[in-house]
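# Analysis of the macromolecular model
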Amino acid sequence: SDDMPIFNLKRYLPYAAILLVMLSLWFIFFSNNSNNTDLYNSYFEAYPNTEVSNTRSDMNDKSVIEEAFIAYDLEEYAKANELFDLALKISTSDYIQFYKAISLMELEQHKEALNLFESVNWSEAYKEKSMWFKSLCYVKLNQVKEAKKELTLLTEKGTFKNSEAIALLSKL
């Protein structure tokens, strides 16, 4: 019984292999996750307000829509989001929903923003813009397959953010 090995490597090999596979999967998942966050951060930029001119004239005379856009321009996205909700009770215009969705993205509420991007019937003025931001929501939420699909549709149109869409698509 003196020739019994103190440490039997063969007995531990399956456990080591399982551990190695688990660590590899963990690493792949989390590095992919942070990679998508980095991609999102390098491409996301709030869309500038092109709808409501915000001259800081008589503040008492502002409509809720104008107030929402003033908050948006001041990067007060939580306030803007609340005001866009009020504005949507007055008008369901897609531009209000678009800027509400961007505000939600700024507030890290990507699932809610994605729901808006998916549910609104966008006018031509906002169709491609919403596709771009929808694809960024997909990237942020690690829904790479959906992001690729949306970016491919956007690049086929070849207008809004075309070079960025092609570049982002190649990195996914």
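Before reading further, recall that the structure is shown in the block above.
Residues numbered from 1 in each chain as written. Predicted model: local features only at pLDDT ≥ 70, side-chain atom pairs only at ≥ 80, totals over all residues. Heavy atoms only, no water.

## Some words on unusual backbone geometry
It is generally the case that most residues other than glycine have a negative phi and that most peptide bonds are trans. Of note in this structure, glutamate 75 is not a glycine but carries a positive phi near 60 degrees. With respect to the helices and strands, the residue glutamate 75 is situated in the loop between helix H2 (64-73) and helix H3 (77-90). Its relative accessible area of 59% is what places glutamate 75 among the exposed residues. The phi dihedral of asparagine 142 falls on the positive side, at around 60 degrees, and the residue is not glycine. Within the secondary structure layout, asparagine 142 lies in the loop between helix H6 (124-140) and helix H7 (144-157). (Helix = DSSP H or I, 4+ residues; strand = E, 2+ residues; numbered from the N terminus. Buried < 20%, exposed > 50% of the residue type's maximum accessible area, 1.4 Å probe, protein only.)

## Regarding the nonpolar core
Core analysis: the largest hydrophobic core is formed by 46 residues, its most contacted members being Phe98, Met105, Phe117, Trp132, Phe133 and Leu136. Those elements that provide at least two residues to this core are helix H1 (9-43), H2, H3, helix H4 (94-106), helix H5 (110-119), H6, H7 and helix H8 (162-171). Apart from residues no more than four positions distant in its own chain, phenylalanine 117 is found in contact with Phe98, Ala101, Ile102, Met105, Trp122, Ser130, Phe133, Lys134 and Cys137. (Core = buried A, V, L, I, M, F, W, Y, C linked by side-chain atoms within 4.5 Å. Contact = heavy atoms within 4.5 Å.)

## Thoughts on the side chain of lysine 100
Along the chain, lysine 100 turns up in helix H4. For lysine 100, a relative accessible area of 10% corresponds to the buried category. Within the structure, the side chain of lysine 100 is placed 2.5 Å from the side chain of asparagine 81, a separation counted as a polar contact. Beyond its immediate stretch of four places on either side in the chain, lysine 100 contacts Asn81, Phe84, Asp85, Leu88 and Leu116. (Polar contact = N/O pair within 3.5 Å; in protein donor to acceptor, adjacent residues only side chain to side chain.)

## Notes on the pattern of salt bridges
Applying the stated criterion across every chain, the model contains three salt bridges. One salt bridge in this structure joins lysine 100 and aspartate 85, with 2.8 Å as the shortest N-O distance. Of this pair, lysine 100 sits in helix H4 while aspartate 85 sits in helix H3, placing them 15 residues apart in sequence. On the basis of relative accessibility, which here comes to 35%, the residue aspartate 85 falls in the partly exposed class. We note a salt bridge from lysine 140 to glutamate 108, for which the minimum N-O separation is 3.5 Å. Within this pair, whereas lysine 140 is found in helix H6, its partner glutamate 108 is found in the loop between H4 and H5, the two being separated by 32 residues in sequence. When its relative accessible area of 18% is taken as the criterion, lysine 140 is described as buried. Residue classification places glutamate 108 among the exposed positions, given a relative accessible area of 51%. (Salt bridge = Lys/Arg side-chain N within 4 Å of Asp/Glu carboxyl O.)

## Let's talk about H7
In a regular helix each residue adds 1.5 Å, so 14 residues correspond to 20 Å; H7 covers 20 Å between its end C-alpha atoms and thus fits that length. Taken as a whole, H7 has its buried residues at Ala147, Glu150, Leu151 and Leu154. Relative to the axis of H7, the buried residues are bounded by an arc of 100 degrees and lie together on one face. For H7, the exposed residues set more than 90 degrees away from the buried face come down to Lys145, Lys149 and Glu156. Structurally, H7 contributes buried residues whose contacts are with H6 and H8. After H7 finishes, the residue glycine 158 shows a positive phi value of roughly 65 degrees. (Expected span 1.5 Å × (residues − 1). Arc of directions from axis to C-beta.)

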